[in-house]
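# Notes for the structure review
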Amino acid sequence: MKQTKFNEASFTEWEQAAVKSLKGKSLESLETKTLEEIILKPLYTLADLENIPDEQTKTVRESKESASWKVAQQSVGLTSEEILSDLNESLSKGNNVINYKVEIEHKWNDSQLQELKELFPHYEVLLDVKNDPSFLKHFDHLNGSIIGAEEEFKGARTLHLDGSKLHKAGGDAISELASVLVQADTFVHLHGIEKVEEKAFVQFSVDTNFFMEIAKLRAFRILWKAFGEAFGKENVKAIPVYAETSLRSFSALDETVNLLRAGNSTLSCVLGGADFVSAYPYNYLTGTTATSNRIARNMQLVLKEETHIQRVIDAAGGSFYIESLTKQLVEKAWTYFIELMKDSSPESRESMLLQRAQEKWELQLKAVSSRKKSLIGTNNYANPDDVIENPVKLTDYKRLAEPFEDLRKAFKQTPLKAAILPYGVLKEYKPRMDYINGFLNAIGITPVLAEANLKPFDLQQWIMNDDIQYAVFVGSDDQTAGLVPALLNEKLSVPLDVAGKFEEYEDWLEAGLSGSIYAGQSLLIKGKELLALAQKEGSHDNA
């Protein structure tokens, strides 16, 4: 083995091998366009660093005081007593920050407030007092950051730059970064750049788009320096970055998959260089438990103890791919920021940002609905036996899984007895049969499988005996083209769809075909059509 040598491969040789493996497709077919309209290449090389400023990586690293980060899991509870109990429990088991969202229904008595005061000198705080700013009157000094403070507070950062708001509305990374700069500009004009660098902190939500989210956090560090320079501050001080895992991709369906989503996002937060990180428990939408809260906290502790990431400042720095993404995000976000600032009206800027966020949200929802973006357990590999037993918690996040959850609930209340009708040889129709089964499962329908190759009379009898309300014909291309017209001539008593796309489709519709199911189709649109059918059939049953 020591004598083995590998010849150095050139980029040209890689291209030739890639083109050969594509069997007629172009190399460009491997490129992907992101939500931010950045083209991802199939391979990044040292040449991609040639156009990246030398200061880029240096700026990211110099803006971090430490290679580590602080675990800032949010304390949860229905009462102040439960909040205190959770705080003490989490702080004793690895939490580094008192992260608490004040709720009006949390009634604090004097002894509880005193106990809370005694914790403050030992830990940084991240308080969200938007719901009750008067909570701060109980304290005269805090070390940390406060969201929603109505005025400056001694010892704490109170100028909150909220990148999460656009993320929660469905925005892309560019929207979030530009939004933060717009907010910072407003603060600078109110307080001056020196006060902003002293009192500001920024918050981001981090989703499962792993590399893009890493690049987003790194891009902010560079944009912040450029922002300071624009106001004559050559060496503007870095401000703390608070990152929380996003609920955008969380689902109440097959919710244990949220463990993977949260773990992915947490690692992005860390590699992106966040100073404080909070991860949502996997069952946050349906009700957390002591175990799920502990798992969420331990994700960060395991990263610290098992990977040694906390020993390296900007571990992602130098990666051809991530550095390229970072540069493009910086350029696009700064350009968009300048475009926004051409409009002098804050309301107009806000409107432009929200409009862009809505457009990006619709693109994401379309991708999930057509399965171009996968949500395991929701739009792909759905478990038909999965039932949402508890009410789903309302959040300020737009969630991609929510329309699917609504469909599944609706079909639970008004079931549609559906059947798959297979024709031909098993090995030929099985891929389509599996696709149809998975498609229907994802929207809340569990189809039954008819016996293969039933003759029209026997098929009609089976449909009546099993109370079938809707059926899908599944077969190879040849079997479908040959048999669907014959079945349509028999005038089956239920709506019939066909699996796949066919040139004869329009003719079949005229002959009585109900519709079709095919790859790339919108699950949500088809789901609503079938729900309307189920509700119609249900009204007939009740009659």
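## Describing the packing of aromatic side chains
All told, the structure shown has 19 aromatic pairs when counted by the stated rule. Ring centres of Tyr100 and Phe135 lie 5.9 Å apart, and the angle between their planes is 75°; on these two criteria the pair is classed as edge-to-face. Note that Tyr100 is positioned in strand β4 (residues 97-101) and Phe135 in the loop between β5 (124-128) and β6 (144-147), a separation of 35 residues in sequence. There is no split in this pair, since Tyr100 and Phe135 are both buried. Connected via pairs of aromatic rings, a cluster forms that spans Phe204, Phe220, Trp224, Phe227, Phe231, Trp334 and Phe337. Here Lys41 stacks its cationic end above the ring of Tyr44, 5.1 Å away from the centre of that ring.

## Observations concerning helix α4 (residues 110-119)
Quick reminder: α-helices carry 3.6 residues per turn. Residues three or four places apart thus point the same way. The complete set of buried residues in α4 reads Gln112, Leu113, Leu116 and Leu119. All buried residues of α4 project into a common sector of 110° when viewed along the axis, lining one side. Opposite its buried face, α4 presents the exposed residues Asp110 and Ser111, each directed more than 90 degrees away. As for α4, its buried residues are in contact with α3 (80-92) and β4.

## Notes on the sheet that holds strand β7 (residues 156-157)
What the four strands build is an open sheet, ordered β4-β5-β6-β7; its pairing is parallel. With one partner strand each, in any of the chains shown, β4 and β7 form the two edges of the open sheet.

Rules of the game
Residues numbered from 1 in each chain as written. Predicted model: local features only at pLDDT ≥ 70, side-chain atom pairs only at ≥ 80, totals over all residues. Heavy atoms only, no water. Phe/Tyr/Trp six-rings, centres within 6.5 Å; stacked < 30°, edge-to-face > 60°. Helix = DSSP H or I, 4+ residues; strand = E, 2+ residues; numbered from the N terminus. Buried < 20%, exposed > 50% of the residue type's maximum accessible area, 1.4 Å probe, protein only. Lys NZ or Arg CZ within 6 Å of the ring centre and 35° of its normal. Arc of directions from axis to C-beta. Contact = heavy atoms within 4.5 Å. Pairing = 2+ DSSP bridges.

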